[in-house]
Structures are given as structure tokens and as C-alpha cells.
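# Observations on the model geometry
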Amino acid sequence: MSAPAKTGESKRRLTTGGRKTRERIIEAAAELMFHRGAGGTSIPDIQAAAGVSASQIYHYFGDKQGLVLAVIDHQTDTRLAQQRPLLDNLDSIEALREWCDRAGSRQDERGCEGGCEIGSLASELADGDQSARTRLVSAFDRWEGPIRSGLARMQARGELSERADTAALATALLAAIQGGMLLSQVRRSSTAYRQAVSAVIDHIESHLVR
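## Brief notes about the environment of S131
Its location among the elements puts S131 in helix α8 (residues 130–156). Measuring from C-alpha to C-alpha, the distance between S131 and Q65 comes to 8.5 Å, with 66 residues separating the pair along the chain.

Pasting the structure below:
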């Protein structure tokens, strides 16, 4: 599908006003889709929230699917930006625990409602929209990459055993984050999230060279 390239091209051609309008539409759609799901969010809903016409939405995104893909990119960029600089320095057990703890605190602050913005889209779209699934694979890869890089640096410094599979450990931690957030959303308590990530980080710690 050529949508990603077209999106990039359209952003380069936009005026300052056009970029602001496009971003306003994406932000409004992202907020609605987080609370209602992509399927429960209509073009008229987005029009009203963003204060734009349907023709503007179709001009910038082609159709609703194009807007959904833009929302996935927006949510990914926003979540990763919020987690920096911690996300870029996950090369110690202490850093991993602090990063995960802050995410747990963020869940507590909103009463564990809504879950993960990217995970919620994934659970809704992965089976029914191949383009969205492909974009979500990229989103999770971008999230997992810094974990893997941090573990690889620990291994290169001789702190983590050479037998440790850093790629598998990074995937395990990301899976614990996602699964823990889902259980926390259902139970309205961050306990499940904290227990899940702590267990994986404890396992990573067991690979440290003593």
C-alpha cells in the first residue's frame, strides 16, 4: 500500500496553516479513538471535535483508513516522546525499573482507564485491517528497539551474560508491559502491570554477571 509515502509527500507540500489543520484533525481523532475505538469514531464525530469539514478530512487523509494510519503514527510518536530521555538510556536494571514504574504511575493518575493508546488500537485493528496491522508492527518495533539497544549495551560492557538473548528479553518486557496494562485496565489497578514488569526485570537481572 502506498499510503505512507503519500502521507509524507502531502506533509511536505502543506502550508503552515495546512499543517496545523492536519495536526488538529489527527489530535482530535486520536483522542476520540482512544476513548471510543476506531470503529466507534465517525467522520462527523471528528469533524465536530476538530472544527473542520468532511472535505478537509478527505483532502488530508484520503479516507478514514488513511486517518487511522496517521493516528497510529501520532500515538506512537507522542508516547515515545513522553518516555524520553529514559527510553534512550535503558542500559541498567535501575533504568528499566524507573521507566516501567513511571508508566505505572501514569496509569494510576488516570485511574487505569483506557489502557495503552497503541495497544488499544492493536487489539481492535490487528485482525481486520492489514494496513493498520503493518503500521502497528512498526510502532511496537520502535518501542521495543530502545529496550533491545539498552540490553545490548549492558551485554557489550560485560554486565549482562553473553548467554542472555537480549532480543527475546526485550520482547518479553514489552509483552509484560502490554499484558500488564490490559489487566490493569480491566481491574482498575496497576498491580498486575507492576507485577508483570517486575517479574521480567527480575529475570533480566538474573543474567547479570556477578
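## Describing unusual backbone geometry
In the segment running from R84 into P85, the intervening peptide bond is cis, with an omega of 10°. Residue position: P85 is located in the loop between α5 (64–82) and α6 (93–109). Of note, C112 is a non-glycine position whose phi angle comes to about 60°, a positive value. Tracing the backbone shows C112 in the loop between α6 and α7 (117–125).

## Digging into the pattern of salt bridges
As enumerated under the stated definition, the model contains 17 salt bridges in all. Notably, a salt bridge pairs R135 with D73, separated by 2.6 Å at the nearest N-O pair. Remark: D73 occurs in helix α5 and R135 occurs in helix α8; sequence separation between them is 62 residues. Residue R135 is classed as buried on the basis of its relative accessible area, which comes to 14%.

## With respect to the side chain of Q107
Relative to the assigned elements, Q107 resides in helix α6. Of note is the side chain of Q107, whose polar atom sits 3.0 Å from the side chain of R110. Here Q107 is in contact with C112 and G115, once residues within four sequence places are set aside.

## Focus on the confidence of the model for the chain
On average, residues of the chain carry a pLDDT of 91, and 94% of them reach 70 or more. Mean pLDDT across the elements of the chain ranges from a minimum in helix α1 (residues 3–13), with 46, to a maximum in helix α10 (residues 191–205), with 97. Note on residues 1–11: pLDDT under 50 across the span, and 10 contacts to partners over four residues away in sequence or across chains.

## Comments concerning the packing of aromatic side chains
Applying the stated rule across the entire model yields 2 aromatic pairs. Measuring from centroid to centroid gives 6.2 Å for F140 and W143, while their planes differ by 10°, and the two rings are stacked. Taken together, the residues F140 and W143, both in helix α8 and 3 residues apart, mark about one turn of the helix. You'll find F140 and W143 in the same group, each marked buried.

## Points about the environment of D108
With respect to the element layout, D108 can be found in helix α6. With 81 residues separating them along the chain, D108 and S189 place their C-alpha atoms 7.3 Å apart. When near neighbours in sequence (up to four residues on either side) are disregarded, D108 contacts S190 and R194. A distance of 2.9 Å separates the side chain of D108 from the side chain of R194, its partner in a polar contact.

## Re the domain arrangement of the chain
Its domain assignment divides the chain into domain 1 (14–62) and domain 2 (76–205). One C-alpha centre belongs to domain 1, the other to domain 2, and the line joining them spans 28 Å. In this assembly, 4 residues from domain 1 lie in contact with 8 residues from domain 2. In this assembly, domain 1 packs against domain 2 so that about 380 Å² is buried in total across both faces, 70% of it on carbon and sulfur atoms. Where domain 1 touches domain 2, the interface holds 0 salt bridges. Remark: the boundary between domain 1 and domain 2 carries 2 residue pairs in polar contact (both at pLDDT 80 or more).

## Points about α6
If you check α6, its first and last C-alpha atoms are 24 Å apart, about what 17 residues at 1.5 Å a residue would give, namely 24 Å. All buried positions along α6 are accounted for by I93, A95, L96, W99, C100, G104 and Q107. Looking at the buried side of α6, the elements it contacts are α8, α9 (166–187) and α10. Downstream of α6 by one or two residues, G111 has phi in the positive range, about 65°.

Calculation rules
Residues numbered from 1 in each chain as written. Predicted model: local features only at pLDDT ≥ 70, side-chain atom pairs only at ≥ 80, totals over all residues. Heavy atoms only, no water. Helix = DSSP H or I, 4+ residues; strand = E, 2+ residues; numbered from the N terminus. Salt bridge = Lys/Arg side-chain N within 4 Å of Asp/Glu carboxyl O. Buried < 20%, exposed > 50% of the residue type's maximum accessible area, 1.4 Å probe, protein only. Polar contact = N/O pair within 3.5 Å; in protein donor to acceptor, adjacent residues only side chain to side chain. Contact = heavy atoms within 4.5 Å. pLDDT = per-residue confidence, 0-100. Phe/Tyr/Trp six-rings, centres within 6.5 Å; stacked < 30°, edge-to-face > 60°. Domains from an automatic or database assignment. Buried area = accessible area lost by both parts, 1.4 Å probe. Expected span 1.5 Å × (residues − 1).

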